[in-house]
Every structure is written in structure tokens, then in C-alpha cells.
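Breakdown of the fold
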Amino acid sequence: MTTSLIAPPTDAELDATFGPLYARIAEGAVARERDRELVHAPIALLKEAGFTALRVPRELGGSGVTLRQFFRQLIALAAADSNIPQALRVHVNFVEDQRLANTTAGDEWLRAVVDGTVVGNAITEPGAGSVGGYATTLTRDADGYRLSGTKFYSTGTLYADQILVAADLDGERVGVLVDAHAEGVEKVDDWNGFGQRLTASGTTVFTDVAVPADRLLGAGYGAPGATYATSYLQLVQLAGLAGIAQRAADDTVAWVQARTRTFSHAAADLQRHDPLVQQVIGRLSSAAWSAKQSVLAVADVLDDVLADRRVHEDLVPEAELAAAHAQLAVIDTVLKATTELFEVGGASIVDADLRLDRHWRNARTLAVHNPAIQKARAVGDLLLNGADLPYAWNAGSRTENAQ
């Protein structure tokens, strides 16, 4: 392994590079939400600026930032448009996997990321799901493999150059990397959730897709055993929630500052002077701050887990538990804040043109990933009975005849 002697950029340098870009992305967020305009243009800007290669080591052309630095930037991006971090969720985890591989092939993929390659995902399956194994199959042929199957919640795939697909190979869960534009790949923008509407989390169909032998990446998502990836992937969602909380606070402050109407029984002539409104703003600001600090605290743990481009296995349970605790705290904090913001105004604050409801809808949608009630139970079982946390889990029917 080669270690770069060049120090990574400072937080101030990263802010100077990406802050204006986030502001530009934020300017179009409401219009994109209104018109369901996918975020192709913002992601292109981020690639050009090097955001998608922030964790690539310096010696391979990336920025080599720490995980704390990376998640700090991810929160700021989520405040501009929370769809984008989620759309890049599997991409950034793929980058982490290749960093940890410390192989020639892994380094080549990292260089490809520096050159602009973005990776999407096709893991979750519709219908019976993947609890009993993947219906998507990878079969051997003379030139490598053939891939067939249907996936849903294929987040980010419409923006991707490569797709990380979870499949069954002779009864084993495997991961395989597929060219997003290969013959037999069909990507459909049919995600119908009420939030995070621009994440391109729709259906992807693979019909006898030719896959070179060197695209088999090893064990696929849902394979048994502890992994850093579940805490990492969960933290991307929590960064999205922290960014939403910040944008909700900023939008509410701006709305109140511009407001001249008030109520006959209010405590002040202007809402910004009303102590009750000030109290709401204070709570919104506190929610954004505490959500961000929770995310950064877990990032600090993950920095130790992944130090020196290897997984320190003994620290993985600590990271998983930290992410679980943060998930349970951040979700409640952000959902409450994105509801409470409406207390500062009357009917005019629900004007559809403001799209302030998108903050709650987006937060609620992010919060259902890896359901909090199941995570809370798992933490309780760990503390009471010493049970293992679930790590990578699958969704679907637990029996063939489930009713």
C-alpha cells in the first residue's frame, strides 16, 4: 500500500470549493421538486468538482479526506438537496470498498471514479423479496456470466455509469458490477414515494446481460457476518436527515424575517419579534445542530474502524451500535423539527409554492430505511441478552406462503 505524503484539504478549503456549488444546487431545489426534474445536472457539477472522489486516496487522484470531513460535506450537500446524497449512497460505499480492497483492480476503479464514474445500485427485489435468497441470478457462460432479474428501489441508477447488483450465484449471495448502458439493462423511473422523489429509486430489469468475469466482486449484500457497511450506509441516510433539518431551519428563518403579517393576539407587531416564534426558531436550530453532531460522532468511530485502508474488525460492533443510537435519536429530532416549523405561521406557510412540506416528506422517507422500531428492538436485545446486531439484512416474505 502506498501512503500519500500530501495532506488532505482542510475543512476551510473544502468549504471554499464546494460551498458555492451547494448554494447553486440549493437555488434550483424547489423547482426540481415541483417539476420532478431529476438531478442529472447537479450530479454532473459535483463530479466535475471532485465531490464523488473525495474519499479516493490522494495518490490515486482523489482528495483523501477523513470520514468526518466527508460526512460534514455530505450534510451540507443534503441541506442543498437531500435527494443527491441518497442517490450517491451506494456510490460512496463502493468507493470505500475499493479503498479497503488494496488491490490493483480496486485502485483502477478508484481512478475511474476520479475520472467521473458513478455507481448506482440494484439490490432490493420486488414481490417476495430477498429474505430467502435473490431471485436475480448470475449464471456462468463461456465468456464470463449472464445476469437476469428484476430489482426495485434501485437508488441512483439513472445517474450511474455502473450498477452494483446483488444476485444469486449457485446458491450464494454475490455482488457484481454491470455497465449501466449494457444491452439487456432497462432502467425505469417509477419510484412513487411521496418524498425523496428525485433519487431515481425505481425499477431496473436485467435480461440476459453479459457480465465479464472480472466484474464479480465477491460476497453480496445480505451475506452473513459483521460488516462496516451497514453503519456506513445508515450514516449516509442520517447525514441526509441532518441536512434536511438545517435547510428546514434556514428556510423557516428566511420566511419569518420577511413576514409583515401577524395576529391580533400575538405578542409582537412582527413575527420575528414574537418570543414564541423565536422559541420555535431556537428549537429548529438546536435540532439541526444536534443531528449534525450525532452524524459526525459516528463518523469519528468509522474513521477508526477504517484507518490505514483496512477494516479493524474489533471496532465494527462499536460503529454499528453508534450508528444505531444515532439513528434512533436523529430520526425523532428531525421529524419533530420538520413538523414544528409550521407553528411560526398561519395558512400562508402551507402555500404549495414554498414546498416547505418537502422537508417532512423527505425526512419521513429517509427515516423508513432500516426501520427504527426494528433497530430499537435490536439494541435492546443486545443490551439485555447479548444478542448480535443484525448488520446486513434483507426484506421480503419469510415463508413462501406468507399471507
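Look a little higher up for the structure.
The residue numbering used here restarts from 1 in each chain and proceeds along that chain's sequence as written. The model is predicted, so local features are restricted to residues of pLDDT at least 70 and side-chain atom pairs to those at 80 or more, both for listing and for counting; the totals for chains, interfaces and linings are taken over all residues. Note that water and hydrogens are dropped before the side-chain values are worked out from all heavy atoms of the structure.

For the rest of this paragraph, the subject is the overall build of the protein chain. Here a helix means four or more residues in a row that DSSP labels H or I, a strand means two or more in a row labelled E, and each is numbered from the N terminus. If you tally the helices and strands in the protein chain, you get 12 helices and 8 strands. For the protein chain, the C-alpha radius of gyration of 22 Å lies close to 22 Å, the compact-globule estimate for 403 residues. Across its three principal directions, the C-alpha atoms of the protein chain cover 80 × 60 × 45 Å. Residue burial is assigned from relative accessible area. The probe radius is 1.4 Å, only protein chains are included, and a residue is buried under 20% of its type maximum, exposed over 50%, and partly exposed in between. For the protein chain, the proportion of its 403 residues judged to be buried stands at 49%. We call two residues in contact when some of their heavy atoms are within 4.5 Å. Look at the contacts in the protein chain between residues 6 or more apart in sequence, and 77% of them connect residues 24 or more apart. Accessible area of the protein chain: about 18100 Å², with a carbon and sulfur share of 52%. Atoms counted for the radius of gyration: C-alpha only. Globule rule: 2.2 Å times the number of residues to the power 0.38. Here, Shrake-Rupley sampling with a 1.4 Å probe gives the accessible areas, and only protein chains in the shown set may cover a residue.

On to the packing of aromatic side chains, then. Any two rings among Phe, Tyr and Trp, with Trp reduced to its six-membered ring, count as a pair given centres within 6.5 Å; such a pair is stacked if its planes are under 30 degrees apart, edge-to-face if over 60, and tilted if neither. A complete count under the given rule lists 11 aromatic pairs for this structure. Ring geometry for Phe18 against Tyr22: centres 6.1 Å apart, planes inclined by 15°, an arrangement best described as stacked. Residue Phe18 and its partner Tyr22 are both found in helix 1 (residues 11-27); the two are separated by 4 residues, about one turn of the helix. Each member of the pair, Phe18 together with Tyr22, is buried. With centroids separated by 5.7 Å and ring planes inclined at 85°, the aromatic side chains of Phe18 and Phe51 adopt a geometry described as edge-to-face.

This part covers helix 1. Residue count minus one, scaled by 1.5 Å, sets the expected span of a helix. Along its 17 residues, helix 1 runs 23 Å from first to last C-alpha, staying within 8% of the 24 Å computed at 1.5 Å per residue. Restricting attention to buried positions, one finds in helix 1 the residues Leu14, Phe18, Leu21, Tyr22 and Ile25. Packed against the buried residues of helix 1 are helix 2 (29-35), helix 3 (40-49), helix 4 (67-80) and helix 5 (83-87).

Further remarks concern the pattern of salt bridges. The rule for a salt bridge is simple: a side-chain nitrogen of Lys or Arg has to be within 4 Å of a carboxyl oxygen of Asp or Glu. For the coordinates displayed, the defined rule picks out 21 salt bridges. A salt bridge links Arg99 to Glu96, with the nearest nitrogen and oxygen atoms 2.9 Å apart. One end of the pair, Arg99, and the other, Glu96, are both in helix 6 (residues 89-101), 3 residues apart, so they sit about a helical turn from each other. With a shortest N-O distance of 3.6 Å, Asp251 and Arg358 are connected by a salt bridge. With a gap of 107 residues between them, Asp251 in helix 8 (residues 229-257) and Arg358 in helix 11 (residues 357-367) connect regions that are remote in the sequence.

Attention now moves to the nonpolar core. The tendency in soluble globular proteins is for nonpolar side chains to be buried as a group. Residues enter a nonpolar core if they are buried and are Ala, Val, Leu, Ile, Met, Phe, Trp, Tyr or Cys, with the set joined through side-chain atoms within 4.5 Å. Membership of the largest hydrophobic core comes to 66 residues, with the highest contact counts inside it found for Phe51, Phe70, Phe71 and Tyr232. Excluding anything up to four places from it in sequence, Phe51 contacts Phe18, Tyr22, Leu46, Phe70, Gln73, Leu74, Leu77 and Leu88. Grouped together as the second largest cluster of nonpolar side chains are 16 residues, Tyr145, Ala167, Leu169 and Val209 included.

This part covers the side chain of Gln237. Here Gln237 lies in helix 8. The buried category is assigned to Gln237, whose relative accessible area is 1%. In contact with Gln237, not counting residues within four places along its chain, are Gln86, Arg89, Leu366 and His369.

Pairing between strands requires that DSSP locate at least two bridges from one strand to the other. Both strand 2 (residues 137-141) and strand 3 (residues 144-151) contribute to a ladder of 5 bridges, which runs antiparallel. Along strand 3, the bridge assignment pairs Leu138 with Leu147. A loop of 2 residues connects strand 2 with strand 3, the two strands running antiparallel in sequence.

Next up on the list: the environment of Ala122. By secondary structure assignment, the location of Ala122 is in strand 1 (residues 119-122). Along the sequence, Ala122 and Gly175 sit 53 residues apart, while their C-alpha atoms lie 9.8 Å from each other. Once residues lying within four places of it in the same chain are set aside, the contact partners of Ala122 are Lys151, Ser154, Ile163, Leu164, Val165, Ala166 and Phe206.

Below, the discussion takes up the packing of helix 9 (residues 275-305) against helix 10 (residues 316-340). Two quantities define a packed helix pair, namely the angle between the axes and the distance from one axis to the other. Helix axes are fitted to C-alpha atoms over the stretch in contact, other axes to C-alpha atoms as well, and angles between N-to-C directions run from 0 to 180 degrees. At a closest axis distance of 9 Å, the pairing of helix 9 and helix 10 adopts a crossing angle of 165°. Taken together, helix 9 and helix 10 sit at an angle that is classed as roughly antiparallel. Along this stretch, helix 9 crosses helix 10, giving a crossing that reads as left-handed. Within the contact between the two elements, helix 9 uses Val280, Arg283, Leu284, Ala287, Ser290, Ala291, Ser294, Val298, Val301, Leu302 and Val305 and helix 10 uses Val316, Glu318, Ala319, Ala322, Ala323, Ala326, Val330, Thr333, Val334, Ala337 and Glu340. Gly is placed with the polar residues, together with every amino acid not listed as nonpolar (Ala, Val, Leu, Ile, Met, Phe, Trp, Tyr, Cys and Pro) or charged (Asp, Glu, Lys and Arg). Residues that form the contact of helix 9 with helix 10 fall into these classes: 16 nonpolar, 3 polar and 3 charged. Geometric relationships in this document are graded by angle, where less than 35 degrees denotes roughly parallel, more than 145 denotes roughly antiparallel, 65 to 115 denotes roughly perpendicular, and other angles denote oblique. Two helices crossing with the near one rotated counterclockwise from the far one by less than a right angle form a left-handed crossing, whereas a clockwise rotation gives a right-handed crossing.

Mapping Thr230 onto the fold places it in helix 8. Under this definition, polar contacts are N or O atom pairs within 3.5 Å; protein pairs additionally need one hydrogen-donor-capable and one acceptor-capable atom, and for neighbouring residues in sequence, both atoms have to be side-chain atoms. A distance of 3.5 Å separates a polar side-chain atom of Thr230 from the backbone oxygen of Thr227. The contacts of Thr230, once residues within four sequence positions are left out, are Tyr221, Glu320, Tyr391 and Ala392.

Quick look at unusual backbone geometry now. Within the chain, Arg36 stands out as a residue other than glycine whose phi angle is a positive 50°. Among the structural elements, Arg36 can be located in the loop between helix 2 and helix 3. Positive phi values are uncommon outside glycine, yet Asp308 reaches one of about 65°. As for its placement among the helices and strands, Asp308 is situated in the loop between helix 9 and helix 10. Accessibility expressed as a relative area gives 55% for Asp308, which makes it exposed.

Viewed as axis vectors pointing N to C, helix 8 and helix 11 meet at an angle of 165°, and their least axial separation amounts to 10 Å. The angle between helix 8 and helix 11 falls in the class roughly antiparallel. Between helix 8 and helix 11 the crossing geometry is left-handed. Packed against helix 8, whose contacting residues are Gln237, Gly240, Leu241, Ile244, Arg247, Ala248 and Asp251, the element helix 11 presents Arg358, His359, Asn362, Ala363 and Leu366 at the interface. Taken together, the residues of the contact of helix 8 with helix 11 break down into 5 nonpolar, 4 polar and 3 charged.

None of the figures reported here should be taken as evidence of function without further support.
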